[in-house]
Amino acid sequence: MESRYVTTCRHMGDNYQQNTQNQKEEDEKLIIAGDCLRATASNWFSTIRFQINNFREFQETFKDEYWSRDIQMQTWSQCLGIKQVPNEASYREHFSYWATKLRHLEVPRLAEQEIVSSIAGHYPGYLRAILISLPECTILNAMKILGTEEHRNNNNNYNNRLPQNRENNNNNQNRTREDPPRREGNWRNTGRNEQTREYQIPRNTQESDNTQWRDRQAINQINATEASSDTDDESQVNHTVNNIQASNVSVSPYLSCMIEGGAIQALG
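These notes cover the structure that comes with them.

Conventions used here
Residues numbered from 1 in each chain as written. Predicted model: local features only at pLDDT ≥ 70, side-chain atom pairs only at ≥ 80, totals over all residues. Heavy atoms only, no water. Salt bridge = Lys/Arg side-chain N within 4 Å of Asp/Glu carboxyl O. Helix = DSSP H or I, 4+ residues; strand = E, 2+ residues; numbered from the N terminus. Buried < 20%, exposed > 50% of the residue type's maximum accessible area, 1.4 Å probe, protein only. Contact = heavy atoms within 4.5 Å. Axes fitted to C-alpha atoms, helices over the stretch in contact; angles between N-to-C directions. Left-handed = near helix turned anticlockwise from the far one by under 90°. Nonpolar A, V, L, I, M, F, W, Y, C, P; charged D, E, K, R; others polar.

Counted according to the given criterion, the structure contains 2 salt bridges. Among the salt bridges present, the one from Lys-63 reaches Glu-106, with a minimum N-O distance of 3.5 Å. Of this pair, Lys-63 sits in helix 3 (residues 55–66) while Glu-106 sits in the loop between helix 5 (91–103) and helix 6 (112–120), placing them 43 residues apart in sequence. Overall, the relative accessible area of 40% leaves Lys-63 in the partly exposed class. Residue classification places Glu-106 among the partly exposed positions, given a relative accessible area of 37%.

Glancing now at the side chain of Ser-118. Structurally, Ser-118 can be placed in helix 6. Given a relative accessible area of 14%, Ser-118 falls into the buried group. The residues contacting Ser-118, other than those within four sequence positions of it, are Trp-76, Leu-80 and Leu-102.

This part takes up the packing of helix 4 (residues 69–81) against helix 5. One way to put it is that helix 4 packs onto helix 5 with a least axis distance of 10 Å and a crossing angle of 145°. Along this stretch, helix 4 crosses helix 5, giving a crossing that reads as left-handed. Facing helix 4, whose interface residues are Thr-75, Trp-76, Gln-78 and Cys-79, helix 5 presents Trp-98, Lys-101 and Leu-102. Partitioning the contact of helix 4 with helix 5 into residue classes produces 4 nonpolar, 2 polar and 1 charged.

Written out as structure tokens, the structure is:
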């Protein structure tokens, strides 16, 4: 009897430890799940965190909020309504995006072949036929076919651009040979002409200053005629003397002198 009680207590203790350990694991799962959420989902989790007791409740609450039945039906309908791959997306990226969404559908739950067939409608006719007619219609095989097709298209685009680039280069070279660039004026004489003009300007200024100085000098000068005492030489000597004005009276620097009975003017 006592051994039965002891065994029962041991089982109760083991169950308690197991439950405690399970509770710790549930708490750890919740912490890890909260750390994985971003943006609006992280704010949502912070709001409802204290209303959730375990990880299973978190799963149910999260699905109701972000992956409900209505949202799954809208996703399925949107996938069927797409008729072509957007220009900004590659074939593989587009297929991977929609394959991930369709794999998590619960309403309706799709097999792998149905997922490939649904997304194949987004591609051109020849590629759609290849995807649908695959012997093993799996997501992995479809990704391989799309990768090969992208690589082929990239090579074709590159090969098509090469002749066009060569033609443009040839046209540019021919245009350069036929029409050499024009230059305004003679660039070789540009510096010389500028230097000549630079030296001409001071020269003209100096000539103008000299002319003005001569004019001012002539205004203050008077002419005096000196008669020669030699009767044989009838020539006369002219002298130019500065006439200095002082007190509005003109004063001559010459003095009248009597030499040997003749009146002459001598410079004083």
